[in-house]
Structures are given as structure tokens and as C-alpha cells.
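# Understanding the architecture of this molecule
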Amino acid sequence: MRYITKLFLLASVMLLAASCMKDEPLNAECDIEQVILHTPHVGEVFFNPTDSAKNVLYSASDVVFNVRRHAPLEGVTLSFTITEGATIERITPGTDFTPDEAVEYRVTSQDGQWHRVYKITISPEPVHIVSSELKYDFENFELEPKLKKYYIWHNEQLDGTFGNDWATGNPGFKLSMPSAAPDKYPTVPVDGIDGKALKLTTSDTGPFGAMANKRLAAGNFFLGEFDVSQALGDAMAATRFGIPFALEPVKFTGYYQYKPGTKFQDKNGKEVVGRIDEGSIYAVFYRNHDAEGNPVRLRGDNVLTSPLIVALAKVKDVFDTGGEWKEFSVQFDYREPLDRELLANKGYNLAVVFSSSEAGATFEGAIGSTLLVDKVRLHCQKEE
């Protein structure tokens, strides 16, 4: 009798478990979280072995592997980490990879109701470097293609093509102010000296921002990535500054206007009497691997203090300019000799950063502080 009772109880537990499994909703997410490029020629393909793995931001749909100029692509394969239960298939016909030609993959959610299309590109180093001066005129922008809620920008590269390396905190502002019109976001395009310029404004994040104790959002603009999944948690980790750079930066120039807001407030929203807000303009050149060989991206809490920083060019005293454009020109201050072999292997990252409130990373500043930036140039040492 006891044996029959045990069987009954076991069967009941199994039925209950099956019922729970049946009732659990299927996953609706359809994201690529990581892509790894496998090749039998790692040293001939990548500048650094760690470049073979790419963590993919939630907001991203383009993944680019930067490889050496004459990288052998025979035998290249990809492996993916995708969200639980999702499936992935290659849409582009064939199995090979052609330099600078995107290959499309479709990820379908476990419940079959959703899918996303990703583009994977293997991009060799340009054959010729056209110029040793990078021009940042901020003319190449568009509304973010999916939601069309905020603006994104494309950066001019050394070979004259355009990339997707400019980032802003606009995606994070959307979390707190989803009904805001595109021109009400902290970072927007405006008319400049000639053509367009950047307008960065420290903005109120509304009731939701106050509830999260993140009462303002400084307008910011930088070379790197913004991870919106970290915006409400570890905000410092949301800003990932810098992109690989293979020239020696020498001088940082451009034009700006600045107007501080009327009331500086601390992170709790309390006015700091007598303190006047100021903007921030700088460029950082740093080693992108630590002593153990791990890849590094500087964050909001160490972008100006990391021991990996090799050179810094920071504009001093970004104060009220009285509505006039002010020219800036600052040399890179090198803290250690440049390693030419490391430079050739893209072992350095460059970050160019603009913010309407210097303390905006800690949610301090004056709402309404406005920084305009235009005609920025990065002057590099010419290669022999």
C-alpha cells in the first residue's frame, strides 16, 4: 500500500511540474548577446586576440569586426550567444564572408512572435589613410531608425567613410521621458557656424527620474557606446568611452558656445548656492587592454583618472561665452612614451567627449545649461 501511495505522490508531482512548465510563457526576446568569430589564422586576422569576441548592446543591430588589411577570411565561422529559447538563421545566401559586405542573420523568439535582423560585417583596415586630420562637423545625423524618437550621428573616419561610433545618452533619456519630441532630447542638431552643430542641454528627467534619484540628464556626445540596459542601474557603466585608434593624436581644436543654467543642483535635487555650472570638452587616448591582457573600455567614473590613460587633451574653463563662438585649441599631454608596435596593432583607444554639465555623470548640474559645439578637428602625427 505504501508503494502505491508513493507512486501516486510521484505521479502527482510530475503532473504538477508538467502543468507548471506548460503554463510558463515562452520567451519573447530575440537578441544576439555575443558573437565570436572563429578563424584558424587568429594572429593574421585580428590586431588583438580579444577582438574575436563582440558583446552586442541591446540597442544595436550592426556588428563590425575590424581586422587586418590582408586578413585571410577562408574558414571563418561565427558562433552566437542568443536569448534563451530563440533561434538564429543566416538570411544572406552562402556560407562565406566577403570584406565590407554585411551578412544578415534573423533571430526569432522562443514564442515565434518576434524577430530581429542583425548585420555582421568583417571590415579590413583601409588600404590608404587619406588624411591625418579628422573632421567632426556633425552634419551626418538621422532619427534613430527603429523608434524615430531621438537623433543619432555618424562619424567621419580616416579613409573618408562614415561609421557608427558616436554615442549619446539620448536612449537613457527616453526611459524617463518617453513622450518627449526628438528636439527636446538632451542632444540634438542645430544650425552652427556653417551647416549644423551639436546642441547639448542639461534636461529635467521628470517624475520617473526623480523616483530613480537621477533628476537630470546632461547633454553628452562621445566616441564609444551607450548601454541603455545599464542606464537605470549602474549609470557609470552605461557610458563606454573610446574606439580603437591607430594614429598618434597631437592636437584637439574646435569652436563652442556655453550658457550655464540658473540653478546648480546636487544629485538629490538640492540647490548648491553660489556654484555655477560649466561644460566639459576633452579627448582621452588610452591603452585598451590591462596588464593581464583583458580588454578595457573606460567608463564615466574613470575616463579622466584611469592609470591606462596615455595622453589627455582637456579644454579648461568651459564657462559662459556670452552667446559668442569661442575657439579652443589644446595639445595632447602625454604621460608616457607611445608604444609604436602597440599603436600599429590598435592597442590604444581614443575617446572624444562633450557634456553640457561637467558633473553630469553623477546627476549634478543646472537644468538648462547648454553647450554648442562645431567644426572640431583632431590633428594627428602624419605617418612616414
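Owing to the predicted nature of the structure, the values given are computational and were not obtained by experimental measurement. (Residues numbered from 1 in each chain as written. Predicted model: local features only at pLDDT ≥ 70, side-chain atom pairs only at ≥ 80, totals over all residues. Heavy atoms only, no water.)

## So, the pairing of strand 8 (residues 133-136)
- The side-chain alternation of strand 8 yields one buried face, formed by Leu134 and Tyr136, and one unburied face, formed by Glu133 and Lys135.
- Judged from the 4 bridges that link them, strand 8 and strand 29 (residues 370-380) form a sheet pairing that is antiparallel. Bridging across to strand 29, Leu134 finds its partner in Leu378. (Buried < 20%, exposed > 50% of the residue type's maximum accessible area, 1.4 Å probe, protein only. Helix = DSSP H or I, 4+ residues; strand = E, 2+ residues; numbered from the N terminus. Pairing = 2+ DSSP bridges.)

## Describing the packing of aromatic side chains
- Scanning the entire structure with this criterion turns up 18 aromatic pairs.
- Between Tyr136 and Trp166, the ring centres sit 5.0 Å apart and the planes meet at 75°, which makes this aromatic pair edge-to-face. Taken together, the residues Tyr136 in strand 8 and Trp166 in strand 13 (residues 166-167) connect sequence positions 30 residues apart. In terms of burial, Tyr136 and Trp166 fall into one category: buried.
- Relative to Phe328, the ring of Tyr256 lies with its centre 6.3 Å away and its plane at 45°, an arrangement referred to as tilted. Placement of the pair is Tyr256 in strand 21 (residues 249-259) and Phe328 in strand 25 (residues 326-331), with a sequence separation of 72 residues. Each member of the pair, Tyr256 together with Phe328, is buried.
- The rings of Tyr136, Phe138, Phe141, Tyr151, Trp153, Trp166, Phe221, Phe252, Tyr256, Phe328 and Phe354 are connected pair by pair, giving a single aromatic cluster.
- Sitting over the ring of Phe97, Arg90 keeps its end group 5.2 Å from the ring centre. (Phe/Tyr/Trp six-rings, centres within 6.5 Å; stacked < 30°, edge-to-face > 60°. Lys NZ or Arg CZ within 6 Å of the ring centre and 35° of its normal.)

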